[in-house]
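Results of the structural survey
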Amino acid sequence: QEEKIFAGKVLRLHVCTMEGAEWLEEVPEDTTVEKLKERCLKHCLPGSLEDPKTVTHHKLIHATSEKVLTDTKTVLEENIQDRDVLLLVKKRAPTLLPKMSDVVAEEKRKQEQKAPDKDAILKATANLPARSVDRSVTHHNMRDFQTELRKILVSLIEVAQKLLALNPDAVELFKKANAMLDEDEEDRVDEIALRQLTEMGFPESRAVKALRLNHMSVTQAMEWLIEHADDPSVDAPLPGSAPAEAPAEGAASSAEAAAGPSSEEGGEEAKDELTEIFKKIRRKREFRPDPRAVIALMEMGFDEKEVVDALRVNNNQQNAACEWLLGDRKPSPEDLDKGIDTNSPLFQAILENPVVQLGLTNPKTLLAFEDMLENPLNSTQWMNDPETGPVMLQISRIFQTLNRT
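Residues numbered from 1 in each chain as written. Predicted model: local features only at pLDDT ≥ 70, side-chain atom pairs only at ≥ 80, totals over all residues. Heavy atoms only, no water.

**Comments concerning the packing of helix α14 (residues 291-298) against helix α16 (residues 318-326)**
- Put simply, α14 and α16 touch, their axes get as near as 10 Å, and they point 35 degrees apart. For α14 against α16, the interelement crossing comes out right-handed. On the side of α14, the interface is formed by Ala293, Ala296 and Leu297, while α16 contributes Gln318, Ala321, Cys322 and Leu325.
- In terms of residue class, the contact of α14 with α16 is made up of 6 nonpolar, 1 polar and no charged. (Axes fitted to C-alpha atoms, helices over the stretch in contact; angles between N-to-C directions. Helix = DSSP H or I, 4+ residues; strand = E, 2+ residues; numbered from the N terminus. Left-handed = near helix turned anticlockwise from the far one by under 90°. Contact = heavy atoms within 4.5 Å. Nonpolar A, V, L, I, M, F, W, Y, C, P; charged D, E, K, R; others polar.)

Put into structure tokens, the structure is as follows:
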């Protein structure tokens, strides 16, 4: 009776295994976890205790707290309550360390598969005859798209001019082209960039001028505005921006004159007039060097004309222009006016593309080509234009496809 009075509290525990077996175990609260584990193994795996390692290869987990129970502690010390659920799980076997022989074999295999070093290559090729490699051909095969694009644009401009000149509505088309050209200076300002500058407190007219001088870069335009805040000529219009109507009227009148003669004798005169219009359009798209780059390069001691040529050849990129000035200065500015070989597979593939064919009949495409030719930094804007963007995308895809073959 004394044993009954002083005996510990008996707990009824619900035990489960990973295989799905379930049963109740009644144990005093002073029972160790190891003893409880032995009882559970006797119930679910009869005869398994013959192997002393069986107990150590299993563990009990408290289902609610997900805690692994310690073998040396009692049920009370692990704070297990009546009707708690325990999970009997077999421990995962520890990962066996690889044998030394396997490690050596693996290292030997890696060494055999390792690429030969420079000395090994020279030794293996010592008896081979030497051959000279034409570096210029290798460099040509790695030509840059921007460099080749200029040649493509020169040739496509000639094609577009011929197609537009053959159009019976050539006069109206070039009236429209000149009108777009005159309005282009105002339309070209990035509204988001302009709003950012005006919200900073800069006058709109100054902000427009700063953006045009700095190729729509908000950061550079802001720096320019701060530097020229006290400049008396800061509000002066940009050269060539004010008298925009006179050239347009002249071009329109030239186009009307070209349309006037309806006889065969007037055909040649019309072509000459259209040629003059093309020249006027081209003059409106004169190259505008980055003023900051001009100043920076001239401070290095280069002549202004050399600097402008360098920036024109290198798409207004100051670092590339500096390398060009210090190097062999190739390509030369004269090379920029040379077009691509009209019999080349690249040019033929471009002309055979339906999107390009349709785009060449649009005067806006001609204006885009002229603009990108003289101001490469504007290429992104024309790529995003709904009318000229598809044409530029097709040219880029054709170039990339043929350049990989």
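**Let's talk about the pattern of salt bridges**
- Under the defined criterion, the tally for this structure stands at 9 salt bridges.
- Among the ionic pairs, Arg39 bridges to Glu25, the shortest N-O distance being 3.4 Å. One end of the pair, Arg39, is in helix α2 (residues 33-44); the other, Glu25, is in strand β2 (residues 22-28), with 14 residues separating them in the sequence.
- A salt bridge links Asp385 to Lys364; its shortest N-O distance comes to 3.0 Å. Within this pair, whereas Asp385 is found in the loop between α20 (379-383) and α21 (389-404), its partner Lys364 is found in helix α19 (residues 363-374), the two being separated by 21 residues in sequence.
- Through salt bridges with shared partners, a single ionic network connects Lys364, Asp385 and Glu387. (Salt bridge = Lys/Arg side-chain N within 4 Å of Asp/Glu carboxyl O.)

**Details of the confidence of the model for the protein**
- For the protein, the mean per-residue pLDDT works out to 75, and 74% of the residues sit at or above 70.
- Long-range and interchain partners of residues 242-266, a stretch whose pLDDT sits below 50, account for 22 contacts in this model, where long-range means more than four residues apart. (pLDDT = per-residue confidence, 0-100.)

**Comments concerning the environment of Asn362**
- Tracing the backbone shows Asn362 in the loop between α18 (354-359) and α19.
- For the pair formed by Asn362 and Thr388, sequence separation is 26 residues and the distance between their alpha carbons is 8.9 Å.
- With sequence-adjacent residues up to four places away left out, Asn362 is seen in contact with Leu164 and Glu387.
- There is a polar contact of 3.0 Å between the side chain of Asn362 and the backbone nitrogen of Lys364. (Polar contact = N/O pair within 3.5 Å; in protein donor to acceptor, adjacent residues only side chain to side chain.)

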